[in-house]
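Breakdown of the fold
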Amino acid sequence: MRVLVTGGSGFLGAWIMRRLLARGIDCVAFDLHAKRQLLHALAPERAASVQWRTGDIAQADDVTRALDGCDAVIHLAGILTPDCAANPVRGAQINLIGTLNIFDAARAAGLKRVLYASSAGVFGPDDGATPHPQTHYGAFKLACEGSARAYWNDHRIASVGFRPLVVYGAGRETGSSAAPSLACRAAARGERYTMPFTGSTGFVFADDVAAAYEAALLRDIEGAHAFTLAGEIASVASVIDRISAIVPDASIDAAGAPLPIATAFPHDPALDRLLPGLPHTSLDEGLRQTVAFYRHAFQTQ
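Residues numbered from 1 in each chain as written. Predicted model: local features only at pLDDT ≥ 70, side-chain atom pairs only at ≥ 80, totals over all residues. Heavy atoms only, no water.

As recorded by an unreviewed UniProt entry, the protein carries the name NAD(P)-dependent oxidoreductase and is attributed to Paraburkholderia azotifigens. Regarding the protein, the UniProt comment filed under Sequence similarities (unreviewed entry) reads as follows: "Belongs to the NAD(P)-dependent epimerase/dehydratase family." Quoted verbatim from the Pathway (unreviewed entry) heading of the UniProt record, the comment on the protein is "Bacterial outer membrane biogenesis; LPS O-antigen biosynthesis." (UniProt positions renumbered as here; feature names shortened; annotations may be inferred.)

Shown next as structure tokens:
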């Protein structure tokens with residue numbers, strides 16, 4: 001199997017390709033620029049086997065060329081909340097039109113399914129069951145979910161979209177919710193860091209999200225599905241305490257408003273039926289692994 005991973009230069013793309021490469025699956029990474037550093041850090045023995053193709057997800061011809069010769073696609077390419085807020089039109093071109101380009105290219109190539117990145121940003125601050133986005137980013141992701149259902153209804157292209165909350169782990173260094181990873185990096189380097197939000201939210205370890213995509217890739221799927229990956233609900237203060245338990249001299253604090261996303265999410269039994277046995281890394285263990293990665297990286301610089 002050869003899998004196209006759009007947004008391959010990004011944090012989550014590297015974690016997913018790490019899992020696929022370990023399974024012997026060929027990977028093709030697609031992005032505006034080929035940035036290999038994180039993948040080489042996560043999968044040093046196999047990263048060189050990845051084929052890189054560059055282009056713009058918002059350009060249909062680029063997407064078609066990227067998908068050539070691939071048997072499956074995991075679509076992660078997009079820009080995050082701050083960039084969508086700064087330029088909503090460009091945000092729609094990348095996050096929504098880019099997703100439509102993927103589905104159209106998959107249809108033309110005869111692929112039967114698409115795996116893609118949605119977001120817990122489809123929810124507002126008060127309800128984790130009924131989508132009600134408060135940001136352009138969340139609105140575009142919700143539109144992608146609706147379009148995925150339309151592609152199933154119109155063309156029988158199956159899909160799974162995952163809505164992770166705050167994803168943390170080695171390499172998560174951009175976006176409004178990168179703070180847990182940046183706090184781990186600062187602690188490992190002996191630097192001070194202020195997390196830019198407070199309150200409580202769900203924290204999900206990167207490898208757990210990668211495992212969900214891997215599992216969906218390897219299952220036969222019908223229909224259009226969107227699943228929330230909430231991880232472990234915890235307060236920012238608790239995250240700081242746990243990092244301090246790992247690095248006793250860490251200098252981490254927090255300021256700012258809570259994230260505009262709900263903090264309680266009903267469990268969807270359909271996820272267990274479709275993808276049983278997904279891993280759930282504890283917050284303590286995920287933070288420990290993230291600090292260890294940055295300690296090693298800092299010591300070997």
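Some thoughts on the sheet that holds strand S7 (residues 166–168)
One open sheet accounts for three strands, arranged S7-S9-S11; its pairing is mixed. Of all the strands in the sheet, just S7 and strand S11 (232–235) have a single pairing partner and so form its edges. Between one strand axis and the next, the sheet turns through 45° on average, direction left out of account. Where helix H8 (residues 206–217) meets the sheet, it contacts S7 and strand S9 (200–205), and its direction lies at approximately 65° from that of S9. Strands in contact with helix H9 (residues 236–246) are S9 and S11; relative to S11, the strand with the most contacts, it is inclined by about 90°. (Pairing = 2+ DSSP bridges. Helix = DSSP H or I, 4+ residues; strand = E, 2+ residues; numbered from the N terminus. Axes fitted to C-alpha atoms, helices over the stretch in contact; angles between N-to-C directions. Contact = heavy atoms within 4.5 Å.)

Structural notes on the environment of Thr201
Residue position: Thr201 is located in strand S9. Once residues within four sequence positions are removed from consideration, Thr201 is found in contact with Leu165, Val166, Glu232, Ile233, Ala234, Leu259 and Thr263.

As for the side chain of Ser177
Structurally, Ser177 is set in the loop between S7 and helix H7 (179–189). The exposure class assigned to Ser177 is buried, which follows from its relative accessible area of 13%. A polar side-chain atom of Ser177 sits 3.0 Å from a polar atom in the side chain of Arg172. Sequence-distant contacts of Ser177, that is, excluding residues within four places in its chain, are made with Val166, Val167, Arg172, Phe197 and Leu259. (Buried < 20%, exposed > 50% of the residue type's maximum accessible area, 1.4 Å probe, protein only. Polar contact = N/O pair within 3.5 Å; in protein donor to acceptor, adjacent residues only side chain to side chain.)

What about the sheet that holds strand S4 (residues 72–75)?
Within a sheet, neighbouring strands are paired by backbone hydrogen bonds and run either parallel or antiparallel to one another. With parallel pairing, the seven strands of this open sheet are ordered in space as S3-S2-S1-S4-S5-S6-S10. Strand pairing shows two members of the sheet lacking a second neighbour, strand S3 (51–54) and strand S10 (224–229), which therefore form its edges. Put simply, the sheet's adjacent strands are angled 20° from each other on average, direction ignored. Helix-sheet contacts for helix H1 (residues 11–22) involve strand S1 (2–6), strand S2 (26–31) and S4, and the interaxial angle to S2 is about 165°.

Remarks on the UniProt feature "domain: NAD-dependent epimerase/dehydratase" (unreviewed entry) in the protein
Feature annotation in UniProt places "domain: NAD-dependent epimerase/dehydratase" (unreviewed entry) on residues 3–219, given in this structure's numbering. Note that residues 3–219 is 45% helix and 20% strand, and that its end C-alpha atoms are spaced 14 Å apart.

Overview of the state of the cysteines
One pass over the full model with this rule turns up zero disulfides. No disulfide involves Cys27; its sulfur sits 9.5 Å from that of Cys70, the nearest cysteine. Here Cys27 falls in the buried class, since its relative accessible area comes to 3%. In this structure Cys84 is not part of a disulfide, and its nearest cysteine sulfur, from Cys144, lies 10.0 Å away. On the accessibility criterion, Cys84 (0% relative accessible area) is buried. (Disulfide = S-S within 2.5 Å.)

Describing the pattern of salt bridges
Following the criterion strictly, the structure yields twelve salt bridges and no others. A salt bridge links Arg185 to Glu173, with the nearest nitrogen and oxygen atoms 3.4 Å apart. Here Arg185 is found in helix H7, whereas its partner Glu173 is found in the loop between S7 and H7, with twelve residues between them in sequence. The exposure class assigned to Arg185 is partly exposed, which follows from its relative accessible area of 23%. Judged by its relative accessible area of 35%, Glu173 is partly exposed. A salt bridge links Arg288 to Glu285; the nearest nitrogen and oxygen atoms lie 2.6 Å apart. Taken together, the positions of Arg288 and Glu285, both in helix H11 (residues 283–299) and three residues apart, correspond to about one turn of that helix. Since its relative accessible area comes to 27%, Glu285 is described here as partly exposed. (Salt bridge = Lys/Arg side-chain N within 4 Å of Asp/Glu carboxyl O.)

Focus: H8
Under the 1.5 Å per step criterion, the end-to-end length of H8 is 17 Å for twelve residues, consistent within 8% with the ideal 16 Å. Most of H8 sits inside the fold, with eleven of its twelve residues counted as buried. (Expected span 1.5 Å × (residues − 1).)

Some points on the packing of aromatic side chains
Per the counting criterion, the structure on display carries eight aromatic pairs. Centre to centre, the rings of Phe162 and Tyr213 are 4.8 Å apart; their planes meet at 75°, and the pair counts as edge-to-face. Taken as a pair, Phe162 in strand S6 (residues 158–164) and Tyr213 in helix H8 lie far apart in primary sequence, 51 residues in all. There is no split in this pair, since Phe162 and Tyr213 are both buried. (Phe/Tyr/Trp six-rings, centres within 6.5 Å; stacked < 30°, edge-to-face > 60°.)

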